[in-house]
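# Analysis of the macromolecular model
For reference, the chains in residue letters:
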Amino acid sequence: MNRTAITALIAKDLRLFFRNRFFAFVTVLGLVFYVIVYWAMPASVDETLRLGMRVPPPLRALLAEDEEVEGVQLQFVASDEELQQYVVNGDVLGGIAFPDDALERLRAGETPTVTIYLASDAEPEVREMLVVLVEALALTASGVPLDVRVHEEILGPDLAGSQVPSRDRMLPLLAVMVLMVETLGLASLIAEEVHSGAVRALLVTRLRVSTLFAAKTLTGIVLILPQAALLMLLTGGLSRRPLLVLIALFLGALTAIATSFLMASVGRDMLSVMGIGIPTFILLALPTFGVLFPGAFTGWVRLIPSYYMAETVHRVANFGAGWGEVWANLAILAGINALLFILGIAALRRRLV
Amino acid sequence: MTLTHTPGPAIAAEHLTYRYGELTAVDDISFTVAEGEVLGFLGPNGAGKTTTVKMLTGQTPPHSGRATLLGADVARDPAGVQARIGVCFEITNLYEQMTALENLRLFARLFGMRDVDPEALLRRVGLDGRGSDRVAGYSKGMKQRLMVARALVNRPRILFLDEPTEGLDPVSAEAIRTLVQEERERGVTVFLTTHDMLEADRLCDRVAFINRGRIAALDTPHNLKQRYGQRLVRAQVEGPEGRLESREITLDTAATAAELQALFSSERVVTIHSEEASLEDIFIHITGRGLVV
């Protein structure tokens with residue numbers, strides 16, 4: 001490899017990248033924006049369950065001690081109308097309204113009707129939870145205690161009281177956004193260079209195709225890795241096992257570079273690269289939404305290369321996972337990168353001559 | 001500064017062939033170019049000129065045949081060959097968002113040239129004072145001149161110029177022609193593809209006519225004209241009622257002298273001049289088609 005040629009090409013690519021006003025603007029502004037978004041979001045998760053209740057005074061006396069139960073906050077109201085307003089405004093997760101004669105009827109062995117108020121977008125699980133709660137209250141009120149002993153067992157780290165806030169769950173998404181913006185920039189740089197024939201001029205110097213690809217890969221790393229690392233540094237993503245996070249970002253950068261080779265092999269200029277790049281961006285961002293909204297996707301999301309970077313960054317940065325827990329992700333990502341590089345270089349090489 | 005010569009031709013093409021699918025773009029062509037010679041490679045669009053340049057400069061390997069530049073096999077040692085050649089492409093392929101100086105410095109570094117003076121190169125092509133401007137703001141002629149300067153950045157022993165003056169204003173075209181002559185005086189071998197016959201006639205020691213991938217003729221412009229052209233005397237005479245009429249007398253025949261004598265004795269000659277065939281006439285004569293197709 002010709003080191004002088006590689007440094008000359010990297011300097012040329014960086015110069016051209018930052019002379020493209022769009023990419024220069026998006027790169028700088030994007031980083032500032034991501035950091036602002038991160039710090040603007042709440043740093044903790046409110047784990048309190050707020051429920052609204054309209055209960056007749058005798059029943060209220062029975063519930064009084066439950067008002068203090070950790071994690072559950074009961075909001076007592078005087079009327080059904082007030083309860084409905086609380087639910088509609090989103091001040092409580094749901095509302096339970098007991099009839100005035102509920103206690104008497106329960107003790108008489110009759111069946112009072114208890115109304116549950118839910119917002120239109122309430123999850124089915126919330127409805128079920130309220131029904132169970134009403135049944136438990138009814139049993140308590142009727143004087144028949146539930147004869148069960150509850151044993152609690154936490155699988156994995158007990159996150160009660162220390163749930164991962166949304167902003168930290170966003171870290172993989174922010175990292176993928178940095179990766180993809182630079183991927184689009186690199187791809188359009190290469191596509192324009194190939195389309196204009198400038199690459200042909202490079203290849204009648206002493207420069208070999210392998211040196212050209214090495215220079216492009218290094219340009220990509222220079223564009224992506226420091227920026228992603230800076231983002232992680234400014235958002236606290238490097239506070240636990242920084243080396244592991246940086247390795248995940250490095251492998252993610254390689255994924256992005258190989259993807260840019262593939263995009264450049266079919267694009268002609270910035271616009272055509274954008275046309276291919278935006279759907280690719282969305283696809284690569286999907287796994288990060290799985291981190292942001294757990295349970296949003298099933299196993300197929302593992303087919304997307306960025307899953308392994310997103311999952312690793314999340315587990316290491318947010319839970320302090322170690323090598324033993326993430327090595328498989330990193331190994332799979334390295335394997336995918338090798339495959340993507342072979343495909344990307346083969347596809348782009350066809351356009352070079 | 002003149003270059004030292006090495007034994008053997010600067011360029012030797014042996015049975016070069018290249019196909020695009022079913023189409024044979026270059027069909028078994030062989031020729032040599034001596035060091036310090038300017039060879040014009042003439043032919044219409046699609047005749048195989050650019051494909052030949054690509055094979056000679058190591059951009060494309062031939063499907064069969066061999067090209068040797070300065071004694072080195074292009075296919076075996078492309079980097080070694082490319083270090084000693086300069087290529088000016090048919091299309092403008094500069095980095096337009098960079099300045100002229102940045103373009104030249106980039107290529108100087110790629111060639112490993114530490115002692116290149118890009119400003120001096122720009123002066124040679126008449127772009128002094130514009131080196132710090134981005135190329136995107138240049139006219140077509142200025143870009144073409146910069147391309148020639150870029151081709152000279154490694155002080156090449158062989159210069160490939162692919163249609164260097166096509167579509168240029170007269171000033172830019174003349175600047176490039178002057179530069180070709182200067183390089184030739186320095187001992188540089190020049191391989192010039194063009195379909196401008198006047199340019200070829202003026203600049204080239206020899207010309208090759210390429211047609212449908214084959215070399216139809218290869219010789220000096222003078223010899224080609226001698227062999228294929230017809231020398232004439234064209235005269236305008238005053239006809240009846242004072243109208244001008246044209247007369248043509250073919251030279252180099254047994255009857256020429258008598259016909260000339262008859263012309264002057266029987267007609268009132270207004271103008272008279274000799275004409276020789278142009279390279280374009282000869283190209284049409286040999287290939288049966290024109291150059292601009």
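Scroll up a little and you will see the structure.
What comes next is a walk through the structure. (Residues numbered from 1 in each chain as written. Chains lettered and ligands numbered in written order. Predicted model: local features only at pLDDT ≥ 70, side-chain atom pairs only at ≥ 80, totals over all residues. Heavy atoms only, no water.)

## Here's the deal with the overall build of chain B
Helix and strand counts for chain B come out as 10 helices and 13 strands. Along the first, second and third principal axes, the C-alpha atoms of chain B reach 75 × 45 × 40 Å. A separation of at least 24 residues holds for 68% of the contacts in chain B among residues at least 6 apart in sequence. Here chain B has roughly 13200 Å² of accessible surface; of this, 49% comes from carbon and sulfur atoms. Between the centroid of the 34 positive side chains of chain B and the centroid of its 40 negative side chains there is a distance of 6 Å. (Helix = DSSP H or I, 4+ residues; strand = E, 2+ residues; numbered from the N terminus. Contact = heavy atoms within 4.5 Å. Areas by Shrake-Rupley, 256 points an atom, 1.4 Å probe, with all protein chains shown as cover. Lys, Arg positive; Asp, Glu negative; His and termini not counted. Charge placed at Lys NZ, Arg CZ, Asp CG, Glu CD.)

## A few points about the overall build of chain A
Tallying secondary structure elements over chain A gives 14 helices and 4 strands in all. Against the globule reference of 20 Å for 353 residues, chain A gives a C-alpha radius of gyration of 28 Å, more extended than a compact globule. Its C-alpha atoms give chain A principal-axis dimensions of roughly 100 × 40 × 30 Å. Every one of the 353 residues in chain A was classed for burial, and the buried ones make up 46%. In the form shown here, chain A has an accessible surface area of approximately 17800 Å², with 61% of it arising from carbon and sulfur atoms. (Rg over C-alpha atoms; globule rule 2.2 N^0.38 Å. Buried < 20%, exposed > 50% of the residue type's maximum accessible area, 1.4 Å probe, protein only.)

## Considering the sheet that holds strand β11 (residues 232-238) of chain B
Residue and element names in this part refer to chain B. Strand order in the open sheet formed by 3 strands is β12-β11-β13, and the pairing between neighbours is antiparallel. This sheet does not close on itself; its edge strands, each paired only once, are β12 (244-250) and β13 (268-275). Pairwise comparison of adjacent strand axes, ignoring direction, gives a mean angle of 20 degrees for this sheet. As paired strands, β11 and β13 are joined by 7 bridges and run antiparallel to one another. The residue bridging E238 from the neighbouring strand is R268, located in β13. Helix-sheet contacts for helix α9 (residues 256-266) involve β11, β12 and β13, and the interaxial angle to β12 is about 160 degrees. (Pairing = 2+ DSSP bridges. Axes fitted to C-alpha atoms, helices over the stretch in contact; angles between N-to-C directions.)

## Structural notes on the nonpolar core
Judged by nonpolar contacts, the single largest core of 164 residues is most densely connected at I11, F31, L56, F160, F191 and F209 of chain B. Broken down by element, this core gets its largest block of residues, 16 residues, from helix α8 (residues 171-196) of chain A. Ignoring anything within four residues of it in the chain, the contact list for F31 of chain B reads I11, A12, A13, L39, F41, T52, L56, F191, I215 and L218 of chain B. (Core = buried A, V, L, I, M, F, W, Y, C linked by side-chain atoms within 4.5 Å.)

## Description of the interface of chain A and chain B
Across the boundary between the two partners, chain A contributes 23 residues, which contact 25 residues of chain B. A combined buried area of about 2300 Å² lies between chain A and chain B, and 61% of that area is made up of carbon and sulfur atoms. Among the ionic pairs, R15 of chain A bridges to E102 of chain B, the shortest N-O distance being 3.6 Å. Put simply, chain A and chain B have 9 residue pairs in polar contact (both at pLDDT 80 or more) between them. For the side of chain A that touches chain B, the secondary-structure elements that each account for two or more residues are α1 (3-19), α8 and α9 (198-202) of chain A. Top element by residues in the side of chain A that touches chain B is α1 of chain A. It accounts for 9 residues. A class-by-class count of the residues in the side of chain A that touches chain B yields 11 nonpolar, 5 polar and 7 charged. (Buried area = accessible area lost by both parts, 1.4 Å probe. Salt bridge = Lys/Arg side-chain N within 4 Å of Asp/Glu carboxyl O. Polar contact = N/O pair within 3.5 Å; in protein donor to acceptor, adjacent residues only side chain to side chain. Nonpolar A, V, L, I, M, F, W, Y, C, P; charged D, E, K, R; others polar.)

## What to know about the packing of aromatic side chains
Two descriptors summarise a pair of aromatic rings, namely the distance from one centre to the other and the angle between the planes of the rings. Taken as a whole and assessed by the stated rule, the structure comprises 14 aromatic pairs over all chains. Seen in terms of ring centroids, F31 of chain B and F191 of chain B are 6.0 Å apart; in terms of plane orientation they differ by 25 degrees. Their pairing is stacked. Placement of the pair is F31 of chain B in strand β2 (residues 23-33) and F191 of chain B in strand β8 (residues 189-194), with a sequence separation of 160 residues. Each of the two residues, F31 of chain B as well as F191 of chain B, counts as buried. Put simply, the rings of F17, F18, F22 and F23 of chain A pair up and form one aromatic cluster. When the ring centre of F107 of chain B is taken as origin, the NZ or CZ atom of R150 of chain B, which lies over that ring, is 4.8 Å away. (Phe/Tyr/Trp six-rings, centres within 6.5 Å; stacked < 30°, edge-to-face > 60°. Lys NZ or Arg CZ within 6 Å of the ring centre and 35° of its normal.)

## A closer look at unusual backbone geometry
Phi at R241 of chain A is positive, roughly 45 degrees, even though this residue is not glycine. Relative to the helices and strands, R241 of chain A resides in the loop between α10 (209-234) and α11 (242-266). Note on R241 of chain A: relative accessible area 44%, which makes it partly exposed. One non-glycine residue, D28 of chain B, lies in the positive phi region at around 60 degrees. Assignment of secondary structure puts D28 of chain B in strand β2. Overall, the relative accessible area of 38% leaves D28 of chain B in the partly exposed class.

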